[in-house]
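Observations on the three-dimensional arrangement
Okay, here's what each chain looks like letter by letter:
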Amino acid sequence: MIRFFHLTLISSYLITFSISGFAKIPNLENRDKKQIKAGIAETYIRSMNKWDIPFQDLLENRSGAACIQWHNMTEDFLKDGIFDALGYSQNIPNKKASQIAAVSGCNKMKNYYKLGDSCECEVVITNQKNQVVLPIKKFNKNEEFQKAVTLYRAKDYVSSYNKFLKLSEMGEKEAQYNLSVFMLKGKGYTQNYKKAYYWSLSSKLFGEKKSEKIIKKSKKQLSKKEIEEIDEELRSNLEKKSEEGHINAIVPLAKWYITVPKKPDFINSYKWFSVASAFNIENTLKARDRIFKEISKKNLSDIQTEADDIYKEIVRANKEKLKTGE
């Protein structure tokens, strides 16, 4: 039998049903966020359809809310599960009011059936738009770095390496330096002079002064061609990250052009320092103005136009990430 409750004042409806236990608690942070959000919306629609209430046929503005158990958002649940309690609204004057109505309805049923703190009623859908906000725990870089150090001292080199790798990919210069030491010594990873050079050079560009020693040691073991390939790989990766909206990669990229090539590329360095200064990154304004002196006036307008286009594209990319919750 379907249990439902009608709130006359706000035109919202509620239904509830029980579900069975699920698999282990998932790591939401390391899973595809778009996929999880889409899965929650699909689960809500599936839960409504189970009781012959087609959400998409309701009148606008319509909203749907579910009592979500975040620890149960496993892949199995998102594939086959249904929610303990639901709320929905239709034909409401505006979207905000429809969301309030749906959540209110969900909370009424949550309280009526004494679900307690086992779940939280949250908006899932408004009209056609997915409204799911994932409760991703903020990644604490300092804590993760200290854990990596502790693991290293405990000689758990593989676990320590994995944490330093994640931090390195996020642009943490000390983690990159430590990773280059791993590669040079062959602890937690097979000895690899190419990767030792890659990460020590990256660390230097991100501002780690200790890296020069590892750079020299690893370069001695590499051919000229190998060094050139690694230099280009790092430049390409920094550019890709910058264009995707990773602001912390912009300055290392600008520094690459004046420190890595035999002949400094002042044009590209100026371009990327211009982008960095537009984001108010510390000390980049002075760096940009120093390099400006090396730029020919006939090239200046084109470079500045290109820098402006890049800046706008990065802003757009970051706005898009905020929309999608990435």
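Everything in this summary refers to the structure shown in the same document. (Residues numbered from 1 in each chain as written. Predicted model: local features only at pLDDT ≥ 70, side-chain atom pairs only at ≥ 80, totals over all residues. Heavy atoms only, no water.)

Some points on the packing of helix H5 (residues 157-169) against helix H6 (residues 173-185)
Stated formally: Each axis is a line fitted through C-alpha atoms, taken for helices only over the stretch in contact, and angles between the N-to-C directions span 0 to 180 degrees. In this text, helices come from DSSP runs of H or I with a minimum length of four residues, and strands from runs of E with a minimum of two, each type numbered from the N-terminal end. Note on angle classes: values under 35 degrees are labelled roughly parallel, values over 145 roughly antiparallel, values of 65 to 115 roughly perpendicular, and the remainder oblique. Here a crossing is taken to be left-handed if its near helix is turned anticlockwise relative to the far helix by less than a right angle, and right-handed if that turn runs clockwise. We call two residues contacting when some pair of their heavy atoms lies within 4.5 Å. Gly is placed with the polar residues, together with every amino acid not listed as nonpolar (Ala, Val, Leu, Ile, Met, Phe, Trp, Tyr, Cys and Pro) or charged (Asp, Glu, Lys and Arg).
Running from amino to carboxyl end, H5 crosses H6 at an angle of 135°, the nearest separation of the two axes being 8 Å. Compared by their axis directions, H5 and H6 come out oblique. Judged by the sense of rotation from one axis to the other, the crossing of H5 with H6 is left-handed. Contacts from Tyr157, Ser160, Tyr161, Phe164, Leu165, Leu167 and Ser168 in H5 reach Ala175, Gln176, Asn178, Leu179, Phe182 and Met183 in H6. Of the residues belonging to the contact of H5 with H6, the class tally is nine nonpolar, four polar and no charged.

What to know about the nonpolar core
One recurring pattern in soluble globular proteins: nonpolar side chains tend to sit buried together. Test applied: Buried Ala, Val, Leu, Ile, Met, Phe, Trp, Tyr and Cys residues form a nonpolar core when they are joined through side-chain atoms within 4.5 Å. Summary of the burial criterion: residues with accessible area below 20% of their type's maximum are buried, those above 50% are exposed, and those between are partly exposed, where the area comes from a 1.4 Å probe applied to protein chains only.
Grouped together as the largest cluster of nonpolar side chains are 50 residues, with contacts concentrated most on Phe164, Tyr197, Leu201, Leu234, Leu238, Trp272 and Val275. It is H6 that contributes the most residues to this core, seven residues altogether. Contact partners of Leu238, with chain neighbours within four places excluded, come to Leu205, Phe206, Ala249, Pro252 and Leu253.

Some remarks on the side chain of Ser180
Heads up, the rule is: N or O atoms within 3.5 Å of each other form a polar contact, as long as, within protein, one can give a hydrogen and the other can take it, and as long as residues adjacent in sequence are counted only when both atoms are side-chain atoms.
Within the secondary structure layout, Ser180 lies in helix H6. Within the structure, the side chain of Ser180 is placed 2.5 Å from the backbone oxygen of Tyr177, a separation counted as a polar contact. Ignoring any residue separated from it by four or fewer positions in sequence, one finds Ser180 in contact with Ala196, Trp199, Ser200 and Ile214.

With respect to the pattern of salt bridges
If the charged atoms of two oppositely charged side chains come close together, the side chains can form a pair. The condition that has to hold: The rule for a salt bridge is simple: a side-chain nitrogen of Lys or Arg has to be within 4 Å of a carboxyl oxygen of Asp or Glu.
Taken as a whole, this structure holds 14 salt bridges when the rule is applied. The salt bridge partner of Glu144 is Lys147, with a shortest N-O separation of 3.4 Å. Taken together, the residues Glu144 and Lys147, both in helix H4 (residues 141-153) and three residues apart, mark about one turn of the helix. Here Lys147 falls in the partly exposed class, since its relative accessible area comes to 40%.

Points about the layout of surface pockets
Gaps left between atoms show up when a probe the size of a water molecule is rolled over them. For clarity, the threshold we go by: Computed over the protein atoms alone on a 1 Å grid, cavities are sets of points where a 1.4 Å probe fits but cannot get out and pockets are open sets with protein on both sides within 12 Å along at least five of seven lines; a residue lines them when it has an atom within 4 Å of a point. Grid points are joined across faces, edges and corners, and a volume is the space filled by probe spheres set on the points.
Reported here for the second largest pocket is a volume of approximately 350 Å³. Lining the second largest pocket are 17 residues, and of these Tyr197, Lys219, Ile227, Asp231 and Val260 lie nearest its centre. Of all the elements, helix H9 (residues 224-243) adds the most residues to the lining of the second largest pocket, at five residues. Residue classes in the lining of the second largest pocket are distributed as eight nonpolar, one polar and eight charged.

What about the pairing of strand E5 (residues 120-126)?
Heads up, the rule is: Strands pair, by our definition, only if DSSP identifies at least two bridges between them.
E5 sits mainly inside the fold: five of its seven residues count as buried. Pairing between strand E3 (residues 63-68) and E5: six bridges, direction antiparallel. Looking at E5, one finds that Cys67 is bridged to Cys121. Of the pairings in the sheet, the one linking E5 to strand E6 (residues 129-130) comprises two bridges and is antiparallel in character. Each bridged residue has a counterpart across the sheet, and for Ile125 the counterpart in E6 is Asn130.

Things to note about the packing of H6 against helix H8 (residues 211-219)
It is the contact of H6 with H8, at a shortest axis distance of 10 Å, that shows an interaxial angle of 30°. The orientation of H6 with respect to H8, classified from their angle, is roughly parallel. As for the relative orientation of H6 and H8, their crossing is left-handed in sense. Every residue of H8 that contacts H6 at Tyr177, Ser180, Val181 and Leu184 is listed here: Ser211, Ile214, Lys217 and Ser218. In terms of residue class, the contact of H6 with H8 is built from four nonpolar, three polar and one charged.

A look at the pairing of E3
With respect to burial, E3 is a largely interior element, six of its six residues being buried. Side chains of E3 alternate between two faces, with Ser63, Ala65 and Cys67 and Gly64, Ala66 and Ile68 buried alike. As defined by bridge partners, E3 adjoins strand E4 (residues 85-89) across four bridges and the pair is classed as antiparallel. Looking at the pairing, Ala66 lines up with Leu86 of E4.

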